[in-house]
Amino acid sequence: MGRIAGRFVRVEPRRRARAFVLGLLSDLPRKNCWTLAEHVGDATPYGLQHLLSRAKWDADAVRDDIRGFVVEHLHHEDAVLVVDETGDIKKGAATVGVQRQYTGTAGRIENSQVAVYLAYSTRRGHAAIDRELYVPRSWTEDTARCRAAGIPDTVGFATKPALAARMIGRALDAGVPASWVAGDEDYGGNPHLRTALEQRQVGYVLAVARDHQISTHAGKFRADTLVKRLPRRAWQKLSAGAGTKGHRFYDWALADIADDRPGHYQLLVRRNRRTGELAFYRCYSATHVSMATLVQVAGRRWTVEETFQSGKGLAGLDEHQVKRWTSWHRWVTLAMLAHAFLAVVRADEHARHPGPDELIPLTCNEIQRLFNALVVRLVHDTAHRLLWSHWRRRHQARSQTSHYQQQAAQA
């Protein structure tokens, strides 16, 4: 918390932010301003709601502090910046950025809110260091709707790859040490993002679709067609990194892409050794690198999924019930801080205390459990619990009465 203390003009929001992060790190089954306020000992949720909506502090400055904190503790020479989006299913149409759209969280088109994240991934660990809310055209073309949700007038429509390029640029401009970028097909298939990385001479291993067009000296081919022209000796068995069940071995092959620009352009192909399923990656590097290096970068792409899983499961990244632009950015930023704390503690513990062979290394889940049991140890008396029961029922009664009045007026 000392990292971000200077971002708050007054002591009250600084203390609220500390209490908020402690609440996000708790083992509450559901995290919103009501449950967090009760957990930290507040009499009402108004203080935490004020922190997210009207208090004076800069969420983007805190984001920059989180980035510095993560890079300082997880820094490694093989660092990879990983971009990906995740969606939160929402009801109604008032929540900022929400519309019916595809989200990988549900695996289908749902009424949802989508955001793009940038994760910093090394052998020591991984954590999110930036975020951008995706605002669809249905919003940016409706000025009144945007203003009602608090979206600044300067915010226009931007594709997800454009948001990714914006975050990568911010990280590189801030001096984040990373030589590679990884991402899925949404980003690999975007030529503008690839060109932006090439201009910075930042290597990438970006997934592309099977029908992605590849230029070779023999002509232009679909990626899946080009694979059939590769000789059997082109395939090598390599590990994409260690998983929960050991090393993830696949067969890999590499084909050159014809390009007159400086640098090395290649197509990396992954084949599942059991099912034969293929995956394709478009690669660029300023200097020649080995296939093993490209495979390691491709394997690092999955760490962003682990970041989402632990960020949502442990730090409440997706449990916000806020509707406005400022509140969303503040909730998500503090959730990123909570998760970064767990990721950094995990990395430090692994470095200092590898542990005996009969125990697995400490996980973020176990660190959260021990932190709450041994360090925080918040205990509230019966009066506090009864006060909150009374407050919830009174608030719900007001909401119920208001709902019935609206129904009567409409009838």
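From a predicted model like this one, the values you see are computed outputs, not experimental measurements.

Engineer: Quick one: what's the story with the confidence of the model for the protein, residue by residue and with numbers?
Structural biologist: Scored by pLDDT, the protein has a mean of 92; 98% of the residues are at 70 or more. Of all the helices and strands in the protein, helix H15 (residues 382-410) carries the lowest mean pLDDT, 78, while strand E4 (residues 126-133) carries the highest, 98.

Engineer: Could you give an account of helix H11 (residues 291-300), naming the residues involved and the relevant values?
Structural biologist: Counting buried positions along H11 gives seven out of ten residues, so the element sits mostly inside the fold. Taken together, the buried positions of H11 are occupied by Met291, Leu294, Val295, Val297, Ala298, Gly299 and Arg300.

Engineer: Give me the lowdown on the environment of valine 227, citing residues and values where you can.
Structural biologist: As for its position among the elements, valine 227 is in helix H10 (residues 223-227). On the basis of relative accessibility, which here comes to 10%, the residue valine 227 falls in the buried class. Taking the C-alpha atoms as reference points, valine 227 and valine 269, 42 residues apart in sequence, are found 7.7 Å from one another. When neighbours within four sequence positions are excluded, valine 227 is seen to be in contact with Trp235, Val269, Leu278 and Phe280.

Engineer: Describe the pairing of strand E6 (residues 203-208), with residues and values.
Structural biologist: Burial of E6 is extensive: six of the six residues sit out of reach of the surface. Of the two faces of E6, the one lined by Gly203, Val205 and Ala207 and the one lined by Tyr204, Leu206 and Val208 are each fully buried. Here four bridges tie strand E5 (residues 180-183) to E6, and the two strands are oriented parallel to one another. Note on E6: the bridge partner recorded for alanine 182 is valine 205. When E6 meets strand E12 (residues 278-285), the two strands line up antiparallel, connected through five bridges. Opposite alanine 207, over in E12, you have tyrosine 281 as the bridge partner.

Engineer: Outline unusual backbone geometry, listing residues and values.
Structural biologist: Positive phi values are uncommon outside glycine, yet glutamine 201 reaches one of about 60 degrees. Mapped onto the elements, glutamine 201 comes out in the loop between helix H9 (191-199) and E6. The exposed category is assigned to glutamine 201, whose relative accessible area is 57%.

Parameters and conventions
Residues numbered from 1 in each chain as written. Predicted model: local features only at pLDDT ≥ 70, side-chain atom pairs only at ≥ 80, totals over all residues. Heavy atoms only, no water. pLDDT = per-residue confidence, 0-100. Helix = DSSP H or I, 4+ residues; strand = E, 2+ residues; numbered from the N terminus. Buried < 20%, exposed > 50% of the residue type's maximum accessible area, 1.4 Å probe, protein only. Contact = heavy atoms within 4.5 Å. Pairing = 2+ DSSP bridges.

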